[in-house]
Amino acid sequence: MTGFAGPVPYLAGALLVGGIAVGLSRRREYVLRWCAWAVGVPVVVVALYMGPGGAAVLAALAGVACALEYAGLTGLPRLDRTVLAVAVAVAPVTAWVAPAHLPQVLTLTLAAVAMVPVLAGDAAGGLSRLCSGVLGVIWFAPLAGAVLLGQGVLALFAAVSIADITASFAGRSLGGPPLSRLSPSKHWSGLVAGTVTGLGALAVFGAFTPAWAVAVAVGAPLGDLLESMVKRGVEAKDSASWLAGAGGLLDRLDSLLLTLALALALD
């Protein structure tokens, strides 16, 4: 897989081109999103440059933020939120310090999250709490891929980001049939454009393999729709409101999560 330094110049170029494009679009939403990426991309680059430890810390922090946003969406009580956040953070850290024990640790974290409503004796809402908590662990566990896939994961992150942005631009500009009832604002035109640019980015970054191509082409759009399903179920537009122009961190990482899962499974 590609080394660390390869994608960095291309990422800088993509940010520059994206900045010009959003400036010309004059859409405040896109400008704010670009600003968020302009801050976030260097953070990701520096963390991955630090090696597995940096990747583990970055993934753990991102996982905690996503878990708390998800817990807020689903209305999990404070104890459930705390246990879920800890469980999600444990996965990338374990992938760093004891990767051979990751399956056992994930099993224990699933059990811990599931047992919270059981031990609380919640007969009325326990099943809902259990299902939401278990889904959260499964959904965010692939963040361990930031460690397990090595520094080449930067290319995967970049490809998904470029695909996501292109799909949004193309879908709004070209229109056409909607992609899914889960997200009527997304269109098949955006899916095609996003897939083409995402796979092109993998090729440019020297990270194009059949496994990663499938991960980006399938995982990115389905990951986006998965979060749309969750938000529709609770009638929310965004996972949070703290990230300027982007809602929450989960709104930005939704496509990456399933992509990482497929990359880990198929690689």
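Since the structure is predicted, the reported quantities are computational estimates derived from the model, not experimental observations.

Peer 1: How would you summarise helix α5 (residues 102–119) if you had to cite specific residues and measurements?
Peer 2: Counted at 1.5 Å a residue, the expected span for α5 with its 18 residues is 26 Å, and the 25 Å between its end C-alpha atoms agrees. Leu102, Val105, Thr109, Val113, Ala114, Val116 and Pro117 are the residues of α5 that are buried. In this structure, the buried side of α5 is in contact with α4 (78–97), α6 (126–140) and α7 (145–148).

Peer 1: So what's going on with the nonpolar core? Residues and values would help.
Peer 2: With 57 residues, the main nonpolar core has Phe140, Leu156 and Trp212 as its most contacted residues. For this core, the element with the highest residue contribution is helix α3 (residues 52–74), accounting for nine residues. Sequence-distant contacts of Leu156, that is, excluding residues within four places in its chain, are made with Leu149, Leu202, Trp212, Val216, Thr259, Leu260 and Ala263.

Peer 1: Could you give an account of the packing of helix α2 (residues 28–49) against α3, naming the residues involved and the relevant values?
Peer 2: At a minimum axis distance of 6 Å, the contact between α2 and α3 shows a crossing angle of 140°. Relative to α3, α2 is oriented oblique. Of the residues in α3, those touching α2 at Val43, Val44, Ala47 and Leu48 are Gly54, Ala55 and Leu58. For the contact of α2 with α3, the class distribution of residues is six nonpolar, one polar and no charged.

Peer 1: Outline α4, supporting the account with residue identities and numerical values.
Peer 2: Taking 1.5 Å per residue, 20 residues should reach 28 Å; α4 reaches 29 Å between its end C-alpha atoms and fits that length. The largest bend in α4 amounts to roughly 25° and is located at Ala91, with the proline Pro92 lying one to four residues further along. Here α4 has its buried residues at Asp80, Leu84, Ala85, Ala87, Val88, Ala89, Ala91, Pro92, Thr94 and Ala95.

Peer 1: Which residues make up unusual backbone geometry, and what values go with them?
Peer 2: A positive phi angle, near 55°, is found at Glu235, a position not held by glycine. Within the element layout of this structure, Glu235 appears in the loop between α10 (210–233) and α11 (249–266).

Peer 1: Give me the lowdown on the environment of Ala213, citing residues and values where you can.
Peer 2: With respect to the helices and strands, Ala213 occurs in helix α10. With 18 residues separating them in the primary sequence, Ala213 and Thr195 have C-alpha atoms 9.1 Å apart. Those residues in contact with Ala213, other than ones at most four positions away along the chain, are Leu199, Leu202 and Phe208.

Peer 1: Can you explain the pattern of salt bridges? Please cite residues and give values.
Peer 2: Throughout the structure, instances matching the rule amount to seven salt bridges. Note that Arg129 and Asp80 form a salt bridge whose closest N and O atoms lie 2.7 Å from each other. Of this pair, Arg129 sits in helix α6 while Asp80 sits in helix α4, and the two are 49 residues apart along the sequence. Neither residue differs from the other here; Arg129 and Asp80 are each classed as buried. A salt bridge links Asp164 to Arg252; its shortest N-O distance comes to 3.8 Å.

Here is what the cut-offs are and how they apply
- Residues numbered from 1 in each chain as written.
- Predicted model: local features only at pLDDT ≥ 70, side-chain atom pairs only at ≥ 80, totals over all residues.
- Heavy atoms only, no water.
- Helix = DSSP H or I, 4+ residues; strand = E, 2+ residues; numbered from the N terminus.
- Expected span 1.5 Å × (residues − 1).
- Buried < 20%, exposed > 50% of the residue type's maximum accessible area, 1.4 Å probe, protein only.
- Contact = heavy atoms within 4.5 Å.
- Core = buried A, V, L, I, M, F, W, Y, C linked by side-chain atoms within 4.5 Å.
- Axes fitted to C-alpha atoms, helices over the stretch in contact; angles between N-to-C directions.
- Parallel < 35°, antiparallel > 145°, perpendicular 65-115°, else oblique.
- Nonpolar A, V, L, I, M, F, W, Y, C, P; charged D, E, K, R; others polar.
- Bend = angle between axes of the 7 residues up to and from the residue.
- Salt bridge = Lys/Arg side-chain N within 4 Å of Asp/Glu carboxyl O.

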